[in-house]
Amino acid sequence: MIEIELDGKKVQVAEGSMVMHAADKAGTYIPHFCYHKKLSIAANCRMCLVDVEKAPKPMPACATPVTNGMIVRTRSDKAIKAQKSVMEFLLINHPLDCPICDQGGECQLQDLAVGYGASASRYEEEKRVVLHKDVGPLISMEEMSRCIHCTRCVRFGQEVGGVMELGMIHRGEHSEITTVLGDTVDSEVSGNMIDLCPVGALTSKPFRYSARPWELSRRKSVSPHDSTGANLIVQVKNNKVLRVLPLENEDVNECWLADRDRFSYEALNEDSRLTTPMLKQGGEWKSVDWQTALEYVANGLKNVRAEHGAKSIGALVSPHSTVEELFLAKQLVNALGSENIDHRLRHAQFAPAEGVRWLGTPIASLSRLQGALVVGSNLRKDHPLFALRVRAAVRRGARVAVIHDKDNDWAMPIAAQAIVPPAQWAQALADVAAAVGAAKGVQAPAQGTATDAAKALAAALLSGERKAILLGNAAAHHASASALLALANWIGAQTGATVGYLTEAANTVGAQLVGAVPGAGGLNASQMLAGGLKALILLNNEPEFDSAAGSQAAAALDRSEMVITLSPFKANMAFSDVLLPISPWTETPGSFVNAEGRVQGFHAVVKPLGETRPGWKVLRVLGNMLGLSGFDYESAQDVLAAARGAQDAKEAFVQGSRLNNATSAAIELSGDGKAPVSAAIYQLDGIVRRAPALQLTADALATRAPKEGALA
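Just so we're clear, the structure is a prediction, and the values are computed from it rather than from any experiment.

Brief notes about the sheet that holds strand E22 (residues 498-501)
A sheet is described by the order of its strands in space; here five strands give the open sequence E20-E19-E18-E21-E22, paired in parallel fashion. Only two strands of the sheet have a single neighbouring strand rather than two, namely strand E20 (416-419) and E22. For this sheet the average axis-to-axis angle between neighbouring strands, irrespective of direction, equals 10°. Where strand E18 (residues 371-375) and strand E21 (residues 467-471) come together, five bridges link them in parallel fashion. If you follow Gly371 over to E21, its bridge partner there is Lys467. On the sheet, helix H11 (residues 425-440) packs against E18 and strand E19 (399-404) and is oriented at approximately 145° with respect to E19.

Re a nonpolar patch on the surface
On the surface, Met164, Val180 and Leu181 cluster together into a nonpolar patch covering about 280 Å² of accessible area. On the basis of relative accessibility, which here comes to 64%, the residue Leu181 falls in the exposed class.

Considerations on the pattern of salt bridges
Enumeration over the complete set of coordinates arrives at 31 salt bridges. For Arg73, the salt bridge goes to Glu53, with nearest N and O atoms at 2.8 Å. Of the two residues, Arg73 sits in strand E5 (residues 71-73) while Glu53 sits in the loop between strand E3 (49-52) and strand E4 (59-60), which places them 20 residues apart along the sequence. Glu53 gets classed as partly exposed once you look at its relative accessible area, which sits at 34%.

A closer look at the nonpolar core
The tendency in soluble globular proteins is for nonpolar side chains to be buried side by side. Of all hydrophobic cores here, the largest spans 77 residues; its most connected members are Phe33, Met47, Ile139, Leu166 and Leu202. Considering every element that reaches this core, the biggest residue donor is helix H2 (residues 77-92), with five residues. Counting contributing residues, this core receives three or more from each of domain 1 (1-92) and domain 2 (278-350 + 514-658). Among all residues touching Met47, those that are not within four sequence positions of it are Pro31, His32, Phe33, Gln83, Val86, Met87, Leu90, Leu112 and Tyr116.

So, the sheet that holds strand E12 (residues 231-237)
Reading across the sheet, the three strands line up as E11-E12-E13 and stay open at both edges, with antiparallel pairing between neighbours. If you trace the sheet from one side to the other, it starts and ends with strand E11 (217-222) and strand E13 (240-246), each paired once. Averaged over neighbouring strand pairs, the angle between their axes works out to 30° when direction is ignored. Sheet topology note: the E11/E12 ladder contains six bridges and is antiparallel. Paired with Arg218 across the two strands is Gln235, which belongs to E12.

A look at the packing of H11 against helix H14 (residues 481-495)
Here H11 crosses H14 at 20°, and the two axes come no closer than 10 Å. Our classification of the angle between H11 and H14 gives roughly parallel. Like other packed secondary-structure pairs, H11 and H14 cross with a definite hand, here left-handed. Residue-level inspection shows Trp425, Ala426, Leu429, Ala430, Val432, Ala433, Val436, Gly437 and Lys440 of H11 in contact with H14, the latter providing Leu484, Leu487, Ala488, Trp490, Ile491, Gln494 and Thr495. Looking at side-chain class alone, the contact of H11 with H14 contains 12 nonpolar, three polar and one charged residues.

Topic: the UniProt feature "domain: 4Fe-4S His(Cys)3-ligated-type" (unreviewed entry) in the protein
UniProt's feature table lists "domain: 4Fe-4S His(Cys)3-ligated-type" (unreviewed entry) at residues 78-117, given in the numbering used throughout. Within the segment residues 78-117, helix and strand shares are 60% and 0% respectively, and the terminal C-alpha atoms sit 16 Å apart.

Some words on the UniProt feature "domain: 4Fe-4S Mo/W bis-MGD-type" (unreviewed entry) in the protein
According to UniProt, the positions carrying the feature "domain: 4Fe-4S Mo/W bis-MGD-type" (unreviewed entry) are residues 216-272. As a span, residues 216-272 carries 9% helix and 35% strand, and end to end its C-alpha atoms are 25 Å apart.

Quick notes on a positive patch on the surface
A grouping of Arg368, Arg395, Arg396 and Arg466 is seen on the molecular surface, where their side chains present a positively charged patch. In this fold, Arg368 is placed in the loop between strand E17 (341-342) and E18.

Rules and cut-offs
Residues numbered from 1 in each chain as written. Predicted model: local features only at pLDDT ≥ 70, side-chain atom pairs only at ≥ 80, totals over all residues. Heavy atoms only, no water. Pairing = 2+ DSSP bridges. Helix = DSSP H or I, 4+ residues; strand = E, 2+ residues; numbered from the N terminus. Axes fitted to C-alpha atoms, helices over the stretch in contact; angles between N-to-C directions. Contact = heavy atoms within 4.5 Å. Patch = residues over 30% accessible without salt bridge, like charges linked within 9 Å, V, L, I, M, F, W, Y side chains within 5 Å. Areas by Shrake-Rupley, 256 points an atom, 1.4 Å probe, with all protein chains shown as cover. Salt bridge = Lys/Arg side-chain N within 4 Å of Asp/Glu carboxyl O. Buried < 20%, exposed > 50% of the residue type's maximum accessible area, 1.4 Å probe, protein only. Core = buried A, V, L, I, M, F, W, Y, C linked by side-chain atoms within 4.5 Å. Domains from an automatic or database assignment. Parallel < 35°, antiparallel > 145°, perpendicular 65-115°, else oblique. Left-handed = near helix turned anticlockwise from the far one by under 90°. Nonpolar A, V, L, I, M, F, W, Y, C, P; charged D, E, K, R; others polar. UniProt positions renumbered as here; feature names shortened; annotations may be inferred. Lys, Arg positive; Asp, Glu negative; His and termini not counted. Charge placed at Lys NZ, Arg CZ, Asp CG, Glu CD.

Structure (structure tokens):
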């Protein structure tokens, strides 16, 4: 540690730190534009000039290393004069368009101009003009004359996003930020550039001209999409969600958001929302009141149970549903006398698990990995924020190896990879096990060959201390999922690597914890979607898009006597008999359990739209109307407490649940040859599928296909 004097205070900071770091530690604010704690130091805005004793001129605080005994003054006449001079130059070409700028009210340049700017400009020449650019449906670059060349956006793409999509061309006052690789910005985390921009050069295209920051109320929430569980700030005006921003949480999403989390809110304001219960009568849909709809459902379920038995009733539930909704759906089905409930709609194998399949390590630890083997995942698109952390680890020297069926661009160096068909993944992993066994002098658990390719993959796990084997969505949905897990567990035990699933949805872990899987004698998702059930409840899912059955699901479900859809959208209308409008994540309280087992609760941020009701309330009332016991909950918190209590009898409802540890004797390397079904980045759930701007992105257009092929 080194001690310096900052504005008369003694501050101790680590050797190699900059003056800006010392100021942050001391709670002293130094004005700046280009500096950001998550990005490399550029020192090009010069706004952070400070007075360093014995230095011949003011020095940039962000790029000046501390030395023992250094004396720094941030508020001396010399420092203030330098900062005001920089501000004058920054404002020379800046347009006077604050009244129409979307950044107005939360603009760093606007704020600092008040403290460091002059009341009038001495500049009399013509201001420069930079032509606008169309870079896609998410980011607006229509006012690039506002740019102050801080290069935050450039450094983010290069260092965090992994793709340098923006760069600076020309020199001097002719400098401008523009696209480098192509005409559009297509990164799955591009929206973070909007947050990073300290002026109004990069703004949100969907939010453009919708509201002023001071008109918006702010509420904390949690993303309902992938398993990161990104923390959000949801901004609302007139009971309508208008913008979503990241809520900083270093243990989960740091200060970043995936575009899927940031822009999916648009779907919540679309005409496709279901706002009143609907019944299909004579082949036509008619709106009805809640009492009529629930009586219809309750009487229908009673009749089916009486005529065909309770085993003819089932429920397919989405892992994007809340813990509370999943728990009550299971309680409802079980109370009716059925064990037919499942959340594993895209799975091909349904072997009973002896534990909860989770990440196996804290999310934050991914940034500190020294080696990783990823099986069956396009990490960059499946889990964008996990990819940011793994990319950060690679920048520090980590080795990443991949087994997959596509040579995807991960926007990071890959140390070794095996690109083989899914039917050969188990054999490829067995070969890695053989290579590990040869290196350790132990017998591998399956018939594998230590080929050169396998040795290259194993090398990522045979050195270093912090290592992980990560099974992706396609590995979880694989027909040989148990074999992949058993091999991964053996390799992990030999190399000291943690083993875990990246997990697909916001509440995949929560669905397992509440037991949203078939009980003894119950049917799994594949069996239910093959037809045969007389009554089926669909909670927050569309089997055509959310299941391995695809378009075949519609024909099978059409044969059922009653299909009940609980959804925020007009979904499943071709084969449903009743639609019940339930609240999306912005209109209901609830909880999600992310990949690392972190339980995160959230509250409704807006009132339910139309006659929409929270899903847990609908299930509770339905249980009461069916005369079932155990449906007397007063709040979502009561339901969560009941779910925790039910789970405590089996294992802790917290991070640390053990993985299913299959024995080596159970390893079967041969698969059925079918490719596992995984959702494309903007086809993951019903909300992102209906978000207009997201569906215009390059990623969405590249994976768009007919209904039966919507799953890529």
